[in-house]
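A look at the structure
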Amino acid sequence: QVQLVESGGGSVQAGASLRLSCAASGRTFSRLTMGWFRQAPGKEREFVAAIRWSSGSSTYYADSVKGRFTISRDNTKNTVYLQMNSLKLEDTAVYYCAATGALYSIIESGPYNYWGQGTQVTVSS
């Protein structure tokens, strides 16, 4: 079992930055691919970013956040981060951290076995 706890959400104005954190416990973090997903009101949950556990820690981003968001991990702290810059109104959503042992298809929600409770990000004008 893996437990995931997100933090760092909040309410900000458009153009501001936020950093989300997700602390993992219960399994060797360094062997987990970590992902961030989000769900806006009335919309399906969507992929935001992912970082593989393999050497090199390849990263992947949704087109909508590429160049503005950065995913990173600190295996010494069992934590994955999502740095969100130049936030837009359409970034408003509940952001979920997820974990999987998989290395492929990681931009889809299917491979992720473990999910956090979510943290709200609200961007206003």
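In this report, the structure presented in the accompanying data block is examined. Computed from a prediction, not measured in an experiment: that's the story for all the values here. (Residues numbered from 1 in each chain as written. Predicted model: local features only at pLDDT ≥ 70, side-chain atom pairs only at ≥ 80, totals over all residues. Heavy atoms only, no water.)

**Brief notes about the overall build of the chain**
What the chain contains, in helices and strands, is zero helices and 11 strands. What you see in the chain, going N to C, is helices and strands ordered as β-β-β-β-β-β-β-β-β-β-β. Radius of gyration (C-alpha) of the chain: 13 Å, near the 14 Å computed for a compact globule of 125 residues. Reported as C-alpha extents along the three principal axes, the dimensions of the chain are approximately 40 × 25 × 25 Å. Relative to its full complement of 125 residues, the chain shows a buried share of 42%. (Helix = DSSP H or I, 4+ residues; strand = E, 2+ residues; numbered from the N terminus. Rg over C-alpha atoms; globule rule 2.2 N^0.38 Å. Buried < 20%, exposed > 50% of the residue type's maximum accessible area, 1.4 Å probe, protein only.)

**Some thoughts on the state of the cysteines**
In protein chemistry, a disulfide is the covalent bond that joins the sulfur atoms of two cysteines. Inspection of the entire model under this criterion finds one disulfide. Across the disulfide, Cys22 is cross-linked to Cys97 (sulfur-sulfur distance 2.1 Å). Here the S-S torsion is close to -80 degrees, and the disulfide linking Cys22 with Cys97 is therefore left-handed. Residue Cys22 is located in strand S3 (residues 18-25), and its partner Cys97 is located in strand S9 (residues 93-100); the two are separated by 75 residues in the primary sequence. In this pair, the class of Cys22 matches that of Cys97, namely buried. (Disulfide = S-S within 2.5 Å.)

**Quick notes on the pairing of strand S8 (residues 79-84)**
Across the six residues that make up S8, a large majority, five, are buried. For S3 and S8, the ladder comprises six bridges, and the chain directions are antiparallel. When the sheet's bridge partners are listed, Ala23 is paired in S8 with Thr79. The pairing of strand S7 (residues 69-74) with S8 spans six bridges and is classified as antiparallel. Note on S8: the bridge partner recorded for Ser72 is Tyr81. A loop of four residues connects S7 with S8, the two strands running antiparallel in sequence, and Asn78 in this loop sits at a positive phi of about 55 degrees. (Pairing = 2+ DSSP bridges.)

**Quick notes on the pattern of salt bridges**
Note on pairing: side chains with opposite charge can pair once their charged atoms come close. In total, this model carries four salt bridges according to the counting rule given. When salt bridges with common partners are traced through the structure, they connect Arg38, Glu46, Arg68 and Asp91 into a single cluster. (Salt bridge = Lys/Arg side-chain N within 4 Å of Asp/Glu carboxyl O.)

**Here's the deal with the packing of aromatic side chains**
Under the defined criterion, the tally for this structure stands at four aromatic pairs. Judged by centre distance (5.7 Å) and plane angle (75 degrees), the ring pair of Phe37 and Phe47 falls under edge-to-face. Pair noted here: Phe37 is in strand S4 (residues 33-39) and Phe47 is in strand S5 (residues 46-51), with a separation of 10 residues, a long-range link. Both rings, one in Phe37 and one in Tyr112, keep their centres 5.1 Å apart while their planes meet at 80 degrees; by these two values the pair is edge-to-face. Of this pair, Phe37 sits in strand S4 while Tyr112 sits in the loop between S9 and strand S10 (114-115); the two residues are 75 residues apart in sequence, bridging distant segments of the chain. (Phe/Tyr/Trp six-rings, centres within 6.5 Å; stacked < 30°, edge-to-face > 60°.)

**A word on the sheet that holds strand S1 (residues 3-7)**
The four strands lie next to each other as S1-S3-S8-S7, forming an open sheet whose pairing is antiparallel. Because the sheet does not close on itself, it has two edges, and the strands there are S1 and S7. Looking at each pair of strands side by side, their axes are set apart by 15 degrees on average, direction ignored. (Axes fitted to C-alpha atoms, helices over the stretch in contact; angles between N-to-C directions.)

**Side note on the layout of surface pockets**
The volume enclosed by the largest pocket comes to roughly 160 Å³. Forming the walls of the largest pocket are 13 residues, and the residues nearest its centre are Arg38, Lys43, Glu46, Glu90 and Asp91. Here the residues of the lining of the largest pocket sort into two nonpolar, three polar and eight charged. (1 Å grid on protein atoms, 1.4 Å probe; cavity = no way out; pocket = protein on both sides within 12 Å on 5 of 7 lines; lining within 4 Å. Points joined across faces, edges and corners; volume = space filled by probe spheres on them. Nonpolar A, V, L, I, M, F, W, Y, C, P; charged D, E, K, R; others polar.)

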